[in-house]
Amino acid sequence: MAKTNSTEPPLKAAAGAAGSRATEAFSVLGHETRLAILLALWEAYEPFTAESAVTFAELRKRVGMRDGSQFNYHLKQLVGHFVRQTDSGYELRSTGFQLVQSVIAGVGLEDPALDPTEVDRACPVCGAPTAITYHDEALMHVCTECEGRFGDRGQFPGGILSSTGLDPAGMTDRGPEALLNAASIRGTWNTQSALEGVCTGCSGPIDRWLHVCDDHAAEGVCSTCERRYAVMARFRCPVCKASAQIVPSCSWLVMHHPAVVAFYYDHDVPLQYEDDDAKSFQPRYREIDLKEDIDHELIATDPPRVRVTFQHEDAELELTLDEDVNVIDVNEKA
Ligand SMILES: [Zn+2]
Ligand SMILES: [Zn+2]
Ligand SMILES: [Zn+2]
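Please read these numbers as outputs of a predicted model, since none were measured by experiment. (Residues numbered from 1 in each chain as written. Chains lettered and ligands numbered in written order. Predicted model: local features only at pLDDT ≥ 70, side-chain atom pairs only at ≥ 80, totals over all residues. Heavy atoms only, no water.)

Draft legend 1. View of the pattern of salt bridges. Evaluated as defined, the whole model comprises nine salt bridges. The salt bridge involving Glu177 is made with Arg121; its shortest N-O contact spans 3.5 Å. Placement of Glu177 in helix H7 (residues 176-195) and of Arg121 in strand E3 (residues 114-122) is noted, with a sequence separation of 56 residues between them. Taking the relative accessible area as the measure of exposure, Glu177 reaches 23% and is therefore partly exposed. Where Glu318 meets Lys333, a salt bridge forms, and the shortest distance between an N and an O atom there is 3.3 Å. Taken together, the residues Glu318 in strand E12 (residues 315-321) and Lys333 in strand E13 (residues 327-333) connect sequence positions 15 residues apart. Overall, the relative accessible area of 13% leaves Glu318 in the buried class. What emerges from the salt-bridge pattern is a single network uniting Glu297, Arg307, Glu316, Glu318 and Lys333. (Salt bridge = Lys/Arg side-chain N within 4 Å of Asp/Glu carboxyl O. Helix = DSSP H or I, 4+ residues; strand = E, 2+ residues; numbered from the N terminus. Buried < 20%, exposed > 50% of the residue type's maximum accessible area, 1.4 Å probe, protein only.)

Draft legend 2. Molecular detail of the coordination of the zinc ion (ligand 2). Donor atoms from the polypeptide that bind the zinc ion (ligand 2) are Cys213 (SG), His216 (ND1), Cys222 (SG) and Cys225 (SG), placed at 2.2 to 2.4 Å. Bound by four donor atoms, the zinc ion (ligand 2) shows angles of 97 to 121 degrees at the metal and therefore tetrahedral coordination geometry. Between consecutive donors of the zinc ion (ligand 2), the numbers of intervening residues give the motif C-x2-H-x5-C-x2-C. Considered together, Cys213 and Cys222 belong to a single accessibility category, that of buried residues. (Donors = N, O, S within 2.8 Å, 3.2 Å for Na, K, Ca; no water. Tetrahedral: all angles 85-135°; square planar, octahedral: opposite > 155°, others 65-115°.)

Draft legend 3. Main features of the pairing of strand E10 (residues 294-301). Of the strand pairs in this sheet, E10 and strand E11 (residues 304-312) are connected by seven bridges, and their pairing is antiparallel. Residue pairing across strands places Asp295 opposite Thr309, the latter belonging to E11. Counting the residues between successive antiparallel strands, the hairpin from E10 to E11 contains two residues. (Pairing = 2+ DSSP bridges.)

Draft legend 4. Structural view of the sheet that holds strand E6 (residues 160-165). An order of E3-E4-E5-E6 is seen for the four strands of this open sheet, with the pairing classed as antiparallel. Only two strands of the sheet have a single neighbouring strand rather than two, namely E3 and E6. Within this sheet the neighbouring strands show an average axis-to-axis angle of 25 degrees, counted without direction. One ladder, built from six bridges, connects strand E4 (residues 129-135) with strand E5 (residues 138-143); its direction is antiparallel. Of the residues in E5, the one forming a bridge with Ile132 is His141. (Axes fitted to C-alpha atoms, helices over the stretch in contact; angles between N-to-C directions.)

Draft legend 5. Summary view of the sheet that holds strand E9 (residues 243-246). One open sheet accounts for three strands, arranged E7-E8-E9; its pairing is antiparallel. Across the chains shown, the open sheet's two edge strands, defined by having one partner strand only, are strand E7 (207-212) and E9. When strand polarity is set aside, the average angle formed by the axes of neighbouring strands in this sheet is 20 degrees. As paired strands, strand E8 (residues 231-236) and E9 are joined by four bridges and run antiparallel to one another. Bridge assignment links Arg236 to a residue of E9, and that residue is Ser243. Most of the contacts of H7 go to E8, to which it runs at about 75 degrees, and overall it touches E7, E8 and E9. (Contact = heavy atoms within 4.5 Å.)

Draft legend 6. Just the packing of helix H4 (residues 56-63) against helix H5 (residues 68-78), in detail. The contact between H4 and H5 brings their axes to 11 Å, and the two run at 100 degrees. Relative to H5, the element H4 is oriented roughly perpendicular. Contacts between H4 and H5 pair Phe56, Leu59, Arg60 and Val63 from the former with Gly68, Phe71, Asn72 and Leu75 from the latter. Here the contact of H4 with H5 is built from residues that sort into five nonpolar, two polar and one charged. (Parallel < 35°, antiparallel > 145°, perpendicular 65-115°, else oblique. Nonpolar A, V, L, I, M, F, W, Y, C, P; charged D, E, K, R; others polar.)

Draft legend 7. Representation of the coordination of the zinc ion (ligand 3) within the structure. For the zinc ion (ligand 3), the full set of protein donor atoms is Cys199 (SG), Cys202 (SG), Cys237 (SG) and Cys240 (SG), and the range of their distances to it is 2.3 Å. Coordination geometry of the zinc ion (ligand 3): the four donor atoms subtend angles of 101 to 114 degrees at the metal centre, consistent with an arrangement described as tetrahedral. The sequence motif formed by the donor residues of the zinc ion (ligand 3) is C-x2-C-x34-C-x2-C. Placement of Cys199 in the loop between H7 and E7 and of Cys237 in the loop between E8 and E9 is noted, with a sequence separation of 38 residues between them.

Draft legend 8. Expanded view of the environment of Phe235. Mapping Phe235 onto the fold places it in strand E8. Under the relative-accessibility criterion, Phe235 is labelled buried at 5%. Between the alpha carbons of Phe235 and Ile246 there is a distance of 8.5 Å; along the sequence they are eleven residues apart.

Set out below in structure tokens:
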């Protein structure tokens, strides 16, 4: 319900499910000195050193504030929420640390824009050359010719094959192939964590289900759901609202299932990136994904069931997923 005539303070008015603890945490950040304190504590911190606490005097010096009682007032507002007071001084609590980290990740070390840049992978839909581009903190893998797997909704480039959240910091010091690999690794591990019930954004629980478009177009990208495939695995965190949807035949979804790992191990197909050059490591893992050696089929709709098929030469492995994205059946044909 819209509040048109509210006299509440904006933070209170904006808070719904976020509640009073969240508004309190937000409100203590509303002063430059307090943000400076968090940044100064982060600057002083160094992993694997025994003592990371900063004394009151040192911290005040780092922030450059003359007025001791003013400084003390602002510091006290942070203690409990974002800062911990120890016998030897002050240090970031993990919430304060995450806050600074997310700002650092969000701004990165360089300008995160990236014009479409061709990568050495064929489009799994049509076989044409593909490219990567970066928009709104997401790395997108796009086909240069067909309409891809997802509609563009007028705000993204056309031909999207995948779109993965990658912090601007992830753009640092990586070439195009390594960027696509980095996005795939983020996607894989976020999905694996979600499948095991833990949100990588906030550690909260995750809801997951198979979502089926009920008016799906037979060909191309459907105008109802804006996707090529009628069924998607969906994930949503009820705590922080992180969400993702994955094509069932994307390797991220079931690549870590023991039957899949064993299948590729038995056939000498490496599932991990080759690490001969840490910055441009070979994309062995995703070759499996992009050669269309993995396929899926919606085999029932009420409740939904999906069969995912992995092929390698003459061998075939089938996994069946239920409506909650659990693997309920495994079948290998040699
Ligand atoms: Zn294509
Ligand atoms: Zn549809
Ligand atoms: Zn979450």
